[in-house]
Protein chains: 2
Amino acid sequence: MPTYKAPLRDMKFIMEELLGAPAQLAQMPFYAQNDTADADLMEQVLAEAARFVETELVPLNAVGDKEGCVRHDDGEVTTPTGFKAAYDKYRAAGWTALDADPTYGGQGMPHLISNALVEMMNSANVAWSMYPGLSHGAYSALHAVGSDELKNLYLPKIVSGEWTGTMCLTEPHAGTDLGIIRTKATDNGDGTYAVSGTKIFISAGEHDLAENIVHLVLARLEGSPQGTKGISLFLVPKYVPDAQGRPGERNGVVCGSLEHKMGIHGNATAVLNFDGAKGWLVGEVNKGMNHMFIMMNAARLGTGLQGLGLGEVAYQNALAYAKDRTQMRHEPRVNPGESADPIIVHPDVRRMLLTGKAYSEAGRALAMWLALSLDTEHHHPDEAARKEAGDLVALLTPIAKAFMTDNGFDVAVQSQQVFGGHGYIAEWGMEQFVRDARIGQIYEGTNGIQALDLLGRKVLMDGGKKLQKLAGTLQEFVEENEGDESIGDYVNQLGKAAQQLGSLTMVIGQKAMGEGGADEVNAAAVDYLRYFGHVVYGYLWARMAKIAQEKIDAGQDKDGFYLSKVQTARFYFAKLFPETKALATTIKAGGETLAVDDRAVFGWEGRLATA
Amino acid sequence: MPTYKAPLRDMKFIMEELLGAPAQLAQMPFYAQNDTADADLMEQVLAEAARFVETELVPLNAVGDKEGCVRHDDGEVTTPTGFKAAYDKYRAAGWTALDADPTYGGQGMPHLISNALVEMMNSANVAWSMYPGLSHGAYSALHAVGSDELKNLYLPKIVSGEWTGTMCLTEPHAGTDLGIIRTKATDNGDGTYAVSGTKIFISAGEHDLAENIVHLVLARLEGSPQGTKGISLFLVPKYVPDAQGRPGERNGVVCGSLEHKMGIHGNATAVLNFDGAKGWLVGEVNKGMNHMFIMMNAARLGTGLQGLGLGEVAYQNALAYAKDRTQMRHEPRVNPGESADPIIVHPDVRRMLLTGKAYSEAGRALAMWLALSLDTEHHHPDEAARKEAGDLVALLTPIAKAFMTDNGFDVAVQSQQVFGGHGYIAEWGMEQFVRDARIGQIYEGTNGIQALDLLGRKVLMDGGKKLQKLAGTLQEFVEENEGDESIGDYVNQLGKAAQQLGSLTMVIGQKAMGEGGADEVNAAAVDYLRYFGHVVYGYLWARMAKIAQEKIDAGQDKDGFYLSKVQTARFYFAKLFPETKALATTIKAGGETLAVDDRAVFGWEGRLATA
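These numbers come from a predicted model, not from an experiment.

Reading the values: rules and limits
Residues numbered from 1 in each chain as written. Chains lettered and ligands numbered in written order. Predicted model: local features only at pLDDT ≥ 70, side-chain atom pairs only at ≥ 80, totals over all residues. Heavy atoms only, no water. Contact = heavy atoms within 4.5 Å. Buried area = accessible area lost by both parts, 1.4 Å probe. Salt bridge = Lys/Arg side-chain N within 4 Å of Asp/Glu carboxyl O. Polar contact = N/O pair within 3.5 Å; in protein donor to acceptor, adjacent residues only side chain to side chain. Nonpolar A, V, L, I, M, F, W, Y, C, P; charged D, E, K, R; others polar. Pairing = 2+ DSSP bridges. Helix = DSSP H or I, 4+ residues; strand = E, 2+ residues; numbered from the N terminus. UniProt positions renumbered as here; feature names shortened; annotations may be inferred. Patch = residues over 30% accessible without salt bridge, like charges linked within 9 Å, V, L, I, M, F, W, Y side chains within 5 Å. Areas by Shrake-Rupley, 256 points an atom, 1.4 Å probe, with all protein chains shown as cover. Lys, Arg positive; Asp, Glu negative; His and termini not counted. Charge placed at Lys NZ, Arg CZ, Asp CG, Glu CD. Buried < 20%, exposed > 50% of the residue type's maximum accessible area, 1.4 Å probe, protein only. Domains from an automatic or database assignment. Core = buried A, V, L, I, M, F, W, Y, C linked by side-chain atoms within 4.5 Å. Least-squares fit on C-alpha atoms with pLDDT ≥ 70 in both. Disulfide = S-S within 2.5 Å. Axes fitted to C-alpha atoms, helices over the stretch in contact; angles between N-to-C directions. Parallel < 35°, antiparallel > 145°, perpendicular 65-115°, else oblique.

Draft legend 1. Highlighting the interface of chain B and chain A. Taken residue by residue, the interface counts 101 residues in chain B and 101 residues in chain A. Of the roughly 8,500 Å² buried between chain B and chain A on both sides combined, carbon and sulfur atoms contribute 59%. Scanning the region where chain B abuts chain A turns up six salt bridges. Linking B:Asp177 and A:Arg329 is a salt bridge whose minimum nitrogen-to-oxygen distance equals 3.0 Å. Where chain B packs against chain A, one counts 52 residue pairs in polar contact (both at pLDDT 80 or more). Tallied by class, residues from the side of chain B that touches chain A come to 41 nonpolar, 31 polar and 29 charged.

Draft legend 2. Layout of the pairing of strand 11 (residues 269-282) of chain B. All names here are of chain B. By the bridge criterion, eight bridges tie strand 5 (residues 193-203) to strand 11 in an arrangement that is antiparallel. The residue of strand 11 that forms the bridge with valine 195 is alanine 277. With three bridges joining them, strand 7 (residues 231-237) and strand 11 adopt antiparallel strand pairing. Across the sheet, the residue bridging to leucine 235 is tryptophan 280, located in strand 11. Bridge analysis of strand 10 (residues 253-258) against strand 11 gives five bridges, and the strand direction is antiparallel. Across the sheet, residue cysteine 255 finds its bridge partner in strand 11, namely leucine 272.

Draft legend 3. Looking closely at the UniProt feature "domain: Acyl-CoA oxidase/dehydrogenase middle" (unreviewed entry) in chain A. Those places that UniProt annotates as "domain: Acyl-CoA oxidase/dehydrogenase middle" (unreviewed entry) correspond, in this numbering, to residues 167-275 of chain A. Helix makes up 0% of residues 167-275 of chain A and strand 50%. Its end C-alpha atoms lie 17 Å apart.

Draft legend 4. Looking closely at unusual backbone geometry. A:Glu331 connects to A:Pro332 through a cis peptide bond whose omega is -5°. Along the chain, the position of A:Pro332 falls in the loop between helix 9 (288-324) and helix 10 (347-379). The phi dihedral of B:Met328 is positive, around 65°, even though this residue is not glycine. Looking at the secondary structure, you find B:Met328 in the loop between helix 9 (288-324) and helix 10 (347-379).

Draft legend 5. Expanded view of a negative patch on the surface. The grouping of A:Glu476, A:Glu479, A:Glu480 and A:Glu482 at the surface amounts to a negative patch. In this fold, A:Glu480 is placed in helix 14 (residues 465-481).

Draft legend 6. Representation of the pairing of strand 9 (residues 247-250) of chain A in the model. Residue and element names in this part refer to chain A. Two elements, strand 8 (residues 239-241) and strand 9, share two bridges in a ladder whose sense is antiparallel. Looking at the pairing, proline 241 lines up with proline 247 of strand 9. Hairpin connection, strand 8 to strand 9: the antiparallel pair is bridged by five residues, and glycine 245 has positive phi, about 80°.

Draft legend 7. Fine view of the environment of B:Thr186. All names here are of chain B. Looking at where threonine 186 falls in the secondary structure, it is placed in strand 4 (residues 184-187). Between the alpha carbons of threonine 186 and threonine 79 there is a distance of 33 Å; along the sequence they are 107 residues apart. Setting aside residues up to four positions removed in sequence, threonine 186 forms contacts with Thr192, Tyr193, Ala194 and Glu222.

Draft legend 8. Representation of the environment of B:Ala451. All names here are of chain B. Structurally, alanine 451 is set in helix 13 (residues 447-460). According to the relative accessible area criterion, alanine 451 is buried, its value standing at 1%. A C-alpha to C-alpha distance of 19 Å links alanine 451 and lysine 469, two positions 18 residues apart in sequence. In this structure, alanine 451 is in contact with Gly456, Ala525, Val526 and Leu529, ignoring residues within four places of it in sequence.

Draft legend 9. Region of the structure containing the domain arrangement of chain A. Each assigned domain of chain A is listed here: domain 1 (8-145), domain 2 (163-286), domain 3 (291-451) and domain 4 (454-596). The C-alpha-based centres of domain 2 of chain A and domain 4 of chain A are spaced at 40 Å.

Draft legend 10. Representation of the nonpolar core within the structure. Grouped together as the largest cluster of nonpolar side chains are 417 residues, with contacts concentrated most on A:Leu366, A:Leu396, A:Phe532, B:Leu366, B:Leu396 and B:Phe532. Broken down by element, this core gets its largest block of residues, 20 residues, from helix 16 (residues 518-553) of chain B. The contact partners of B:Phe532, leaving out residues within four places of it in the chain, are B:Leu395, B:Leu396, B:Ile399, B:Leu454, B:Val459, B:Leu467, B:Leu470 and B:Leu501.

Draft legend 11. Just the environment of B:Ala412, in detail. Residues and elements named next belong to chain B. Checked against the element boundaries, alanine 412 lands in helix 11 (residues 383-418). With a relative accessible area of 0%, alanine 412 lands in the buried category. Residues alanine 412 and glycine 356, spaced 56 residues apart in sequence, show a C-alpha to C-alpha distance of 8.0 Å. If sequence neighbours within four positions are ignored, alanine 412 has contacts with Ala314, Phe433, Val434 and Ala437.

Draft legend 12. Region of interest: the relation of the copies chain B and chain A. The two copies are related by a screw operation: chain B maps onto chain A through 180° of rotation and 0.0 Å of translation along the axis, at an RMSD of 0.0 Å. Both copies are brought into coincidence by an operation consistent with a two-fold rotation axis. Using C-alpha coordinates, one finds that chain B approaches the rotation axis most closely at B:Ala582, a distance of 2.7 Å. In this assembly the copies share their binding face: 100% of the residues contributing to the interface of chain B also contribute to that of chain A.

Draft legend 13. Quick peek at the side chain of B:Asp375. All names here are of chain B. Inspection of the secondary structure assignment puts aspartate 375 in helix 10. Within the structure, the side chain of aspartate 375 is placed 2.7 Å from the backbone nitrogen of histidine 111, a separation counted as a polar contact. In contact with aspartate 375, not counting residues within four places along its chain, are Leu25, Met28, Tyr31, Pro110, His111, Leu112 and His380.

Draft legend 14. Summary view of the pattern of salt bridges. This model, assessed by the stated rule, comprises 68 salt bridges over all chains. Here A:Glu312 ties to A:Arg364 by a salt bridge, and the two come within 2.9 Å at their closest N and O atoms. Residue A:Glu312 is found in helix 9, and its partner A:Arg364 is found in helix 10; the two are separated by 52 residues along the sequence. Like A:Arg364, A:Glu312 is buried. Between B:Asp348 and B:Arg351 there is a salt bridge; the shortest N-O distance is 2.7 Å. Highlighted residues: B:Asp348 and B:Arg351, both in helix 10, separated by three residues, approximately one helical turn. Taken as a pair, B:Asp348 and B:Arg351 share a single burial class, namely buried.

Draft legend 15. Here's a closer look at the state of the cysteines. The final tally for this structure, using the stated rule, is zero disulfides over all chains. Here A:Cys255 stays free of any disulfide, with the sulfur of A:Cys69 as its closest cysteine sulfur at 9.6 Å.

Draft legend 16. Fine view of the packing of helix 10 of chain B against helix 17 (residues 561-576) of chain B. Residues and elements named next belong to chain B. With their axes 9 Å apart at the nearest point, helix 10 and helix 17 run at an angle of 105° to one another. In terms of axis orientation, helix 10 runs roughly perpendicular to helix 17. The residues of helix 17 that touch helix 10, namely those facing Arg351, Leu354, Thr355, Lys357, Ala358, Tyr359 and Glu361, are Ser564, Lys565, Thr568, Phe571, Tyr572 and Leu576. Partitioned by chemical class, the residues of the contact of helix 10 with helix 17 number six nonpolar, three polar and four charged.

Dropping the structure here:
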C-alpha cells in the first residue's frame, strides 16, 4: 500500500525563499485585513492540512479505486466506503472554506495556501479530492458573476460544504467544441428557466456526500444565436431550495448512468439528464462561455496540480521501494555480507527517481508562482501589478495544465517502472497512480487544446506582448547571472533557449500569416508548449539552485536540503532540459510534414470529396 | 468496441520488397525441403491467420479484460468466457504447430511467418495470445536442449496444443536477479528430481485451456554453487504423463493465487507453489541460465511484438475515430453544411496518427528483419551467414524488445488521446490497449535491463564488433544514397546519426574503463538504446522510402500505398528522428549527474553506513 508524506519543507522553501510570498501578500489589503497571510499561520495551516490528508485521505485511495461508485435504480449514487465520513470531517474542519470569501463564510486565505492543500489532496486521493474540487469551481463561477440573490442563497452552503457543485459542459457530440451544444433553456417567465438536454462526463455529478448538488450548466436559451455566442450559464440545483436554503422539491435532473473509466474510480462520472429542470440564469444571457473562462485559469491550474500531486506521490513510493528492494550487486558493495544491494545504487534507477524529483519540485514552484499571481491579480492594490499578474497567469496557465499533467503521467509511469513487475500489480498501488494520472492530460481542455490556447491565443493573438514581458524577466535574470560560478552554465543554456523560443515564435507566426494559416499553429503547438515549459522550469530551477548555493556557501545547510536542490538542478539541466534540442527541430519542421495525402496515407476520402 | 484489420499489405511489402524474404528462404534447405517458404503459400497462410484473429480473437479482447481469470479453492483456474473455445479452434487449425519442427508434428514454416501471426494475435487479444506464446517459449527451450526422451514425450503434445507450457523464473525476492533464486531441486536417484519453492508472475501458469501444463522451472540443485552458475532447468508437468503421453498423477505444483493486475486480465498470472514436485532435468546441470538464454532472443522479440501489435491496433482505432468524430471547423470546410468537421483535418491529430503509423510500420520492418535473421541463423547452409545473422539478432533483439514496447505504449497513449474524454472510458477499448501495453516495458527483462544488455553485453563486451558490422552496412547504404534526390536528405541525417552513435559508444566505453566503471554504462544505457533504435528505424524508413519512390516513379502506385510510405518516412525524419538530438546530449552528460549525495537528495543512509 502506498504511503505519502506532504512535502512541507519544499513548500516552505518555495513560498518564502523563492517567491517571497509573505511579504507580497502583506501588501494586499484583503489578506492584511483578514490577517490570513502571516507566514507562521500559513505554515500551521499547511501542517494541519498535511495531517488531514495523510491520515484521512491516503487510506481511502485504494478503497475508492477498488469499489468505485454505485448508481442505484433511482439514479442516486453511493460513493466508496469511507468517502462520506472523510468528507464530513473535511468540512467540519473548515477546509471547504479555506480560500473562500469571508462574506459567505469563507476564511479568506490566499490561493497560495489552497493551492498547496489541493496538491496534497491530489497526492493522497485524487478521486476523492475532485468532489470538493468541482465544488470550488462552481463556487468561483457563481462568486464571480452570480446575482446577489443567487450568491446569498447558494454560496454559504457551498462554502460550508453542506452542498457541492458541478460544472456541466460536455455533451455526447460536443467536448472541445462547446459551440455546438444542444442543451436548451426556455424562459419560464417567472425568473426561472426550464433546462433540457444531456450532459456527459460530469465529475462529482451525483453522490451521497452532501444533501444538495448545485449544477452549473451551459445551455442555449431559446432564440439565442448558434455557436459560442449563444450560450448561457444556468444554475440547476438537484433539490430546489426555499428562501431559507432548505432543500425542497426534487428537480428534473437525474443521473442516467455512471461511466466505467480507466481510473479515478472513486469519483462519480455521471451522465446527467436534464428534463425541464428548473434553472436560474448566472450572469448575462449569451455570456456563458465568458463566464466559464473567468474560472478557467484556476480550474486548469487545479488540473495541473493533479499531475503534480500524482507525480509526487508516485516518486515518493518509488524512492521508498528503491531503498528497500535489493537486487543485483554494485561495486563497491552496500550490503557486503548479503546477496544483493538496494536498487537505488543503480544509476538508471536514480535517473528515474531524479526525473520524478526534478519535475515535481519545478512543477510545485510553477504552481505556487501562479497561485500567488492569482492572489496578486485579485487583490493587489496597484492596478498595473494586477494586470501584470493577470497576464502572467493567462500566459502560463496552459503550461501549468498541460506540462504538469504530461510530466505527472510520465513520472507515474517511470516510478511504476522502478517497481519492476510489482509495479504492474494492483496491491502495490503504482498502477493506480498511472491510471489516475492519465485523465489530467485529457479533461479540462485536452493538452492539445492547451497548446493551441498558449500559442494561438496567449502568444500570437496579442502580438507576443505577454511573451515579451516574461522574456524580459528571463533576460534580466540571465544577464545578472550568466557569470555566476555555480549557476552560470544553467543560465547560459536557459538564455539560449529563451532566445530561441522568441525566434521559434516568430517563425511560426510568419508561417501562420502565410499559406499555412492556422494549420501552422496547430502543427507546432504541442511541441511549442513543451519547449516553453522547459524554459519556465529551467528558469525556476536556476533560481532555486542560486538560492540554495548561497545557503550552502553561508554554511546554512544542516540537513542537506539545499545540496539536494543544487544537485537536482544539475540533473534537470543535464538530463531533462536537453529535450528542447529535439523540440526546436520538430517545431521548425512546420505543418508541411503533416499535410499528407488523405487518401493514400489515411484511406480517407473526406477532404477530396468536398475540396 | 475496437476493430482490427490485419496489415497484410504492409507485411507483404516488407517481406517481399524490403527483405526479399522468399528468395532468401529458398536458399535454406530446411524450408526448401519442407516447401514452406513459397511466397504464395506464405501469403495464403497470413490471410488465413488474419481471418482467424479478426473473427475469433478480437471479439474476446474486451470480454477477457472485464471477466479476468478466476481461481477456485482447489487451485484450478477458469479463463474468461470464450477463451477455451477459441483455443480449441486455434489448435484444431494447426496454428500451435506453425513454425514447429516437423519431427514433432510441426509444419516447419519460417519464423518470419509465425512472427507475423504473433503480431496479429497481439493486436487482436494480447492476453489470450500469451497462452500459446508461453507454450512456444517452452517448446523452444525443450527443443533446443532437452533429451530425446523428454522431447519425444512432450514436444508432440505441446506442438499439437494439447498441452501448454510455461516459463517459471521469477520469485518474490528475485526478478532481474535470477542468481539469488531459492527454489531447489533434490535428486530422487531415479532420474527424477523433487522441486520445491515459490514462483511468481507465471503467465499462463494455470488455466483450463489444455489437459496438461508443462512448467519449465529454474531451480538450484542441492550442492550446486551460489549465483547464476548453480542454476539448472527442470521440466515439471502439472500431471505426470505415462510413457504413452497420457496425463497421470497430479504433481506437487499448485496455483496459490492469481495477481490482480493493471492489464492483460485475460491471462492468468499465477503464484505457483512447488512442493516436492516431480521434475526432470532439461539440458545440463548448472546450465539453466544458458539454456534459458537460447530462447531469450525469440521471447524478447515476442514481447516487442506485443508493443507493435498494440500500437498498431490502437492506431487503427484512433484513425477510424478521427475520420468519424466531428469537432470544430477547419478552413477550408470539409462538411460545409454541417456544424463541424472530422477531427482528422487538424494537424495535431494527424501528428498523433502519423506517430502511430510511423512507429508501427518501422517496428514491423524491424521485427520481420529479425525473424528472417532467426531463420537464417538456424537454417542457412553457410556458416558465415548463420554467424552474421546470429550476431545481428543478438545486437538488435534488446532494441526490438525495448524500443518497440516503449513506442507501442506511447502510441497507445497518443491514440487514446485522439479520443479525448471517450478515450478514458472503458467501453471504447482504448484504455485497455494502454493498460495491456504497459507490461511489455516491464517483463521479459525490464527495458532498463534490455538497455544494459545492448550497451554492456552486446556492444562493449565484444569490443564493438557486432556494432561495427552493422555500422558498415549502414555506411554502405549511406554512401550509395546520399546523393539520391528523394531520400538524400534522410540518408544524410542517418549518416550523421550513425557516425555519432559510434563516437558516443567510444565516449561511454572510455568512461567505463576509467573512474566511472560500470556505473557509466548503467547511466547511459537507456538513452543509448533509444538513440540506437532511431538509427535502426531511420535506416529502415530510408530504405522503404527508396523502394516506394522507385515504384511511384515507375507509375506503379495505383492505390497510393507507396505514396503513403514516402510521406510517412518524411514525417518520421521530421518529427520523430530528431529525438536523437536530445539523446546525444543526455548520453554525453554521463554518470556524474546521477551520482548525487544519497543522504541529501534521497534521504538514504545506506551507502554512507557501509562505505
